[in-house]
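Chain by chain, the residues run as shown.
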Amino acid sequence: MSRGYRCSVELRTLRYFVAVAEELHFGRAATRLHMSQPPLSRAIKQLEADVGALLFARSAAGVTLTPVGTVLLDEARALLEHADRVRLRVGAAAGVATIAVGILSDGTDPAAARLAASYRRRHPGIDIRIRDTDLTDPTCGLRTGLVDVALTRAPFDETALTVQELRADPVGVVLRADDPLAHHDRLRLADLDDRRWFRFPQGTDPVWQSYWNGGRSREGPVVRAVQECLQAVLWNGTVGLAPLGHDLHAELATVPLIDMAPSRVVAVWNTGDTNPLIRSFVETATAAYRD
């Protein structure tokens, strides 16, 4: 990087940075990392000092990435993905009983919490590795070998994958609360044809992208994380789709879509993988989401 960058950055600090960059909010990032906000803020300030440049622009309106922060985010994601792959390969070579679980779902979902508690009780001696992923990879690293099983949402390209549906959630459109359409009881996709939507980066699974774009090509800002989607609605007045039943900012509203297929919560793994820990995970998940 520029400015004579010579420091050695810990992977933990990079994970902190990525969490803040994806949430664009220090409080939410701290909650996601299961830590308090002050040490997270100190770690980011130290990282900025090491880099020699601001990574975030802070204002009363919120937090945004600077150009330097945008560059570091891409590099940090790549480095952390590589580090996760190395850790899994080393663990496999050492014969450690480990299962890597990719998650692309709402962390506040009671069913996900039940699943975590049940699986820990069922396998107290297992090293469970969690990989929280953004919206650009609905399989959460499954195809690249980063995880053994994923808890995610369909649809996506299911080639060479086995999918177990756990639940189906109705979908609505997320709008600013002052949007005229926000006062409707229900909407159709056609009601949104003249609006700008958020989009996923080029290379994202086309089946996944088509679903969240309502089955057609859209124009609008490119996003990678849930919080980026919500910020795009707040700042740009774009629209986007989301499963119903999630708490949103007071400035946002969700209106049910009557012609949108439900969003399916699924467990997915590579077809032919006979790891008994995966089978146990799917069985536990099925029970957790049925309760």
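The structure this text deals with has already been given above.
Along each chain, the written sequence defines residue order, and numbers are assigned to residues from 1. Where totals are concerned, whole chains, interfaces and linings use all residues; where local detail is concerned, this predicted model gives features only for residues with pLDDT of at least 70, and gives and counts side-chain atom pairs only at 80 or more. Side-chain metrics in this entry use all non-hydrogen atoms of the structure; hydrogen atoms and water are not considered.

(A) Fine view of the sheet that holds strand S8 (residues 240–243). One open sheet holds the 3 strands; their spatial order is S8-S7-S9, and the pairing between them is antiparallel. If you trace the sheet from one side to the other, it starts and ends with S8 and strand S9 (252–256), each paired once. Strand-to-strand twist in this sheet, taken as the mean axis angle between neighbours without regard to direction, amounts to 40 degrees. By definition, residues are in contact when any of their heavy atoms lie within 4.5 Å. The angle between two axes is taken between their N-to-C directions and runs from 0 to 180 degrees, where each axis is a line fitted to C-alpha atoms and a helix contributes only its stretch in contact. Secondary structure counts use DSSP, requiring at least four H or I residues in a row for a helix and at least two E residues in a row for a strand, with both numbered from the N terminus. Its contacts with the sheet place helix H7 (residues 226–236) against strand S7 (171–176) and S9, and it is angled at close to 40 degrees to S7. The criterion for strand pairing is that DSSP finds at least two bridges linking the strands in question.

(B) Spotlight on the sheet that holds strand S6 (residues 161–169). Read across the sheet, 5 strands follow the order S4-S3-S5-S10-S6 without closing on themselves; strand pairing throughout is mixed. Edge positions in the open sheet fall to strand S4 (127–132) and S6, since each of these has one partner strand only. Averaged over neighbouring strand pairs, the angle between their axes works out to 25 degrees when direction is ignored. Relative to strand S10 (residues 263–270), S6 is paired through 8 bridges, and the arrangement is antiparallel. By the bridge assignment for S10, Glu165 is matched with Val266. Set on the sheet, helix H8 (residues 276–290) makes contact with strand S3 (98–103), strand S5 (149–154), S6 and S10; between it and S6 the angle comes to about 15 degrees.

(C) Spatial organisation of the packing of aromatic side chains. Centres within 6.5 Å are what make two rings of Phe, Tyr or Trp a pair, Trp counting through its six-membered ring; a difference in plane orientation under 30 degrees is then read as stacked, over 60 as edge-to-face, and the rest as tilted. Considering all chains together, one arrives at 7 aromatic pairs under this definition. Seen from their ring centres, Phe26 and Phe56 are 6.0 Å apart, and the 70 degrees between their planes marks the pair as edge-to-face. Placement of Phe26 in helix H2 (residues 26–33) and of Phe56 in strand S1 (residues 56–59) is noted, with a sequence separation of 30 residues between them. Grouping residues by exposure puts Phe26 and Phe56 together as buried. Taking 5.6 Å as the distance between ring centres and 70 degrees as the angle between the ring planes, the aromatic pair formed by Tyr119 and Phe281 counts as edge-to-face. Remark: Phe281 occurs in helix H8 and Tyr119 occurs in helix H5 (residues 110–122); sequence separation between them is 162 residues. Exposed residues in this analysis have more than 50% of their type's maximum accessible area, buried residues have under 20%, and partly exposed residues fall in between, with area computed by a 1.4 Å probe over protein chains only.

(D) The nonpolar core, seen in detail. Counting 36 residues, the largest nonpolar core has Val173, Leu175, Leu187, Leu241 and Leu257 as its most contacted members. For this core, the secondary structure elements donating two or more residues are S5, S7, helix H6 (206–212), H7, S9 and S10. Apart from residues lying up to four places away in sequence, Leu187 is in contact with Val173, Leu175, Leu181, Leu192, Val255, Pro256, Leu257, Ile258 and Asp259. Residues belong to a common nonpolar core when they are buried Ala, Val, Leu, Ile, Met, Phe, Trp, Tyr or Cys residues joined through side-chain atoms within 4.5 Å.

(E) Region of interest: the environment of Glu81. By the secondary structure assignment, Glu81 is in helix H4 (residues 67–94). Residue classification places Glu81 among the partly exposed residues on the basis of a relative accessible area of 28%. The spatial distance from the C-alpha of Glu81 to the C-alpha of Gly272 is 24 Å, given a sequence separation of 191 residues. Those residues in contact with Glu81, other than ones at most four positions away along the chain, are Arg131 and Leu146.

(F) Main features of the side chain of Thr136. As for its placement among the helices and strands, Thr136 is situated in the loop between S4 and S5. Taking the relative accessible area as the measure of exposure, Thr136 reaches 18% and is therefore buried. Only 2.6 Å separates the side chain of Thr136 from the side chain of Asp134, close enough to count as a polar contact. Those residues in contact with Thr136, other than ones at most four positions away along the chain, are Pro201, Thr204, Asp205 and Arg224. Definition of a polar contact: a pair of N or O atoms within 3.5 Å, with one able to donate and the other able to accept a hydrogen when the atoms are protein atoms, and with sequence-neighbouring residues admitted only if both atoms are side-chain atoms.

(G) Region of the structure containing the environment of Arg85. Along the chain, Arg85 falls in helix H4. Discounting residues that sit within four places of it in the chain, Arg85 has contacts with Thr144 and Leu146.

(H) Spotlight on the packing of H2 against helix H3 (residues 37–51). As a packed pair, H2 and H3 sit with axes 9 Å apart at the nearest point and diverge in direction by 105 degrees. Regarding the angle of H2 to H3, the classification is roughly perpendicular. Residues Phe26, Gly27, Ala29, Ala30 and Leu33 of H2 form the contact with H3, whose participating residues are Gln37, Leu40, Ser41 and Ile44. Here the angle decides the label: under 35 degrees means roughly parallel, over 145 means roughly antiparallel, 65 to 115 means roughly perpendicular, and every other value means oblique.

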